Amino acid sequence: IPIYVNNNLKKYESGFILTIDIGGLFGKASGGTITHSYYNGKIILEQYPRLASYSDMILRAGGFIGHTNNIEKILYSVSRCSEISIERPNWDRQNNSASEPEVYAGGFIGWVDNNNDMRYCMSQCDLINIVSYGFPFFTNTQAKLGSLVAYLRNASALGQYAYNKTTNC
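Scoring rules and cut-offs
- Residues numbered from 1 in each chain as written.
- Predicted model: local features only at pLDDT ≥ 70, side-chain atom pairs only at ≥ 80, totals over all residues.
- Heavy atoms only, no water.
- Salt bridge = Lys/Arg side-chain N within 4 Å of Asp/Glu carboxyl O.
- Buried < 20%, exposed > 50% of the residue type's maximum accessible area, 1.4 Å probe, protein only.
- Pairing = 2+ DSSP bridges.
- Helix = DSSP H or I, 4+ residues; strand = E, 2+ residues; numbered from the N terminus.
- Axes fitted to C-alpha atoms, helices over the stretch in contact; angles between N-to-C directions.

Caption draft 1: Structural context of the pattern of salt bridges. A full pass over the atoms with the stated rule returns three salt bridges. As a salt-bridge pair, Arg119 and Asp117 come within 2.9 Å of each other at their nearest N and O atoms. Assessed through its relative accessible area of 3%, Asp117 is described here as buried.

Caption draft 2: Structural detail: the sheet that holds strand S8 (residues 73-75). Here four strands make up an open sheet; going across it, the order is S4-S8-S12-S17 and the pairing parallel. Edge positions in the sheet fall to strand S4 (33-35) and strand S17 (164-167), since each has one partner strand and no second. Each strand axis lies, on average, 5° off the axis of its neighbour in the sheet, ignoring direction. Pairing between S4 and S8: three bridges, direction parallel. Opposite Ile34, over in S8, you have Ile74 as the bridge partner.

Structure follows, in structure tokens:
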């Protein structure tokens, strides 16, 4: 099943925050256990208009899950995502307090947050692609890509108990 997201938002006030989490199975998953699950397809996010005004933009895409938080276990699961593509992730910063754009794309999970235990999981993603015509006005754009996970955040650095374990993936 292909997943297409056409973000056709118009120009908004500078205080508008845009966060998009896209995944083959879940956009965002918090808590619980996921076992023996499978996604086969592609994920395409297109950003229109080419420039839109936000104070903050975070795009997280994963062939299986876009963003996880405190998942106890993910077991025996597969992402067979033929393509993850984020096209034109650009916007116009209205003021100096606006943050830099953040784009994360992983073959299995885009962004892992706190206490995730993945075992016997597999990503068979053929293409992870960010198509950009330039991030105008910015000097510190973040784009993180990974065949399994694009970004693994360990909350223990923030003073919280956290573990992230990956076994036989």
